[in-house]
Amino acid sequence: MEEITDGVNNMNLAVDSQKKNRIQVSNTKKPLFFYVNLAKRYMQEHNDVELSALGMAIATVVTIAEILKNNGFAVEKKIMTSTVDIKDGSRGRPVQKPKIEITLGKSDKFDELMAAANEEKEAAEAQVQS
């Protein structure tokens, strides 16, 4: 019985660790570069990040991924599309929504690009203070 409990606990830990690097993007709640900077931070911590969105926010996720790739911060690992059933709030009936999940990993140049960006930020702050 103890082995089953350990197995279930380990399974829950695996699910929890997967979710720590997921960003669920909305196209109405936060500005675009909030998500770009958050994705960079997640890649620093976890080496990769999963961007996820439903419906109209899909374009925002694709834009975030392209910004990170085009600036040399990330490489594409996986793109997954699907549809999910969501209950319509007003009518109570299920509605299908498109969903996308894009997994990005650190590029080879990620660490040096982040170091250069931090140096620029510190130099700008030093100029403002003087």
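On a predicted model such as this, the values are computed, not experimentally measured, just so you know.

A closer look at the overall build of the chain
- When helices and strands are counted, the chain shows four helices and four strands.
- In sequence order, the secondary structure elements of the chain are arranged as α-β-α-β-α-β-β-α.
- Counting only residues that meet the buried cut, the chain has 31% of its 130 residues in that class.
- Carbon and sulfur atoms make up 51% of the accessible area of the chain, which amounts to about 9,100 Å² in all.

Here's the deal with the side chain of serine 107
- When you line up the elements, serine 107 lands in the loop between strand 4 (94-106) and helix 4 (110-129).
- In this structure the side chain of serine 107 is engaged in a polar contact, spanning 2.4 Å, whose partner is the backbone oxygen of glycine 72.
- Every residue in contact with serine 107, bar those within four places of it in the chain, is listed here: Gly72, Phe73, Ala74 and Val75.

Focus: a negative patch on the surface
- Taken together, the side chains of Glu119, Glu120, Glu122 and Glu125 make up a negatively charged region of the molecular surface.
- Relative to the assigned elements, glutamate 120 resides in helix 4.
- Look at glutamate 120 and you get exposed, because its relative accessible area is 59%.

Quick look at the side chain of glutamate 101
- Inspection of the secondary structure assignment puts glutamate 101 in strand 4.
- Owing to a relative accessible area of 10%, glutamate 101 belongs among the buried residues under this scheme.
- Here lysine 99 takes part through its side chain, which lies 3.1 Å from a polar atom of the side chain of glutamate 101.
- Sequence-distant contacts of glutamate 101, defined by excluding residues within four places in its chain, comprise Arg22, Glu50, Leu51, Ser52, Lys78, Ile79 and Met80.

Quick word on the sheet that holds strand 1 (residues 22-24)
- With mixed pairing, four strands are arranged side by side in an open sheet as 1-2-4-3. The sheet is open, and its two borders are formed by strand 1 and strand 3 (74-87), each paired with just one other strand. Between one strand axis and the next, the sheet turns through 20 degrees on average, direction left out of account.
- The strands touched by helix 2 (residues 32-46) within the sheet are strand 1, strand 2 (48-54), strand 3 and strand 4, with strand 2 carrying the most contacts at an inclination of about 140 degrees.
- Sitting on the sheet, helix 3 (residues 58-70) is in contact with strand 2, strand 3 and strand 4, with an inclination near 10 degrees to strand 4.

Focus on helix 2
- For helix 2, built from 15 residues, the straight-helix expectation of 21 Å at 1.5 Å per residue is met to within 8% by its first-to-last C-alpha distance of 21 Å.
- Taken together, the buried positions of helix 2 are Tyr35, Val36, Leu38, Ala39, Lys40 and Met43.

Describing the pattern of salt bridges
- Under the defined criterion, the tally for this structure stands at seven salt bridges.
- Where glutamate 66 meets lysine 69, a salt bridge forms, and the shortest distance between an N and an O atom there is 3.0 Å. Separated by three residues within a single helix, glutamate 66 and lysine 69 lie in helix 3, roughly one turn from each other.
- The exposure class of glutamate 66 is partly exposed, given its relative accessible area of 30%.
- Residue class for lysine 69 comes out partly exposed when judged on its relative accessible area of 24%.
- As a salt-bridge pair, aspartate 111 and lysine 106 come within 3.5 Å of each other at their nearest N and O atoms.
- We classify lysine 106 as partly exposed; its relative accessible area is 23%.
- It is possible to trace a salt-bridge network through shared partners that takes in Arg22, Glu50, Lys99 and Glu101.

Calculation rules
- Residues numbered from 1 in each chain as written.
- Predicted model: local features only at pLDDT ≥ 70, side-chain atom pairs only at ≥ 80, totals over all residues.
- Heavy atoms only, no water.
- Helix = DSSP H or I, 4+ residues; strand = E, 2+ residues; numbered from the N terminus.
- Buried < 20%, exposed > 50% of the residue type's maximum accessible area, 1.4 Å probe, protein only.
- Areas by Shrake-Rupley, 256 points an atom, 1.4 Å probe, with all protein chains shown as cover.
- Polar contact = N/O pair within 3.5 Å; in protein donor to acceptor, adjacent residues only side chain to side chain.
- Contact = heavy atoms within 4.5 Å.
- Patch = residues over 30% accessible without salt bridge, like charges linked within 9 Å, V, L, I, M, F, W, Y side chains within 5 Å.
- Salt bridge = Lys/Arg side-chain N within 4 Å of Asp/Glu carboxyl O.
- Lys, Arg positive; Asp, Glu negative; His and termini not counted.
- Charge placed at Lys NZ, Arg CZ, Asp CG, Glu CD.
- Pairing = 2+ DSSP bridges.
- Axes fitted to C-alpha atoms, helices over the stretch in contact; angles between N-to-C directions.
- Expected span 1.5 Å × (residues − 1).

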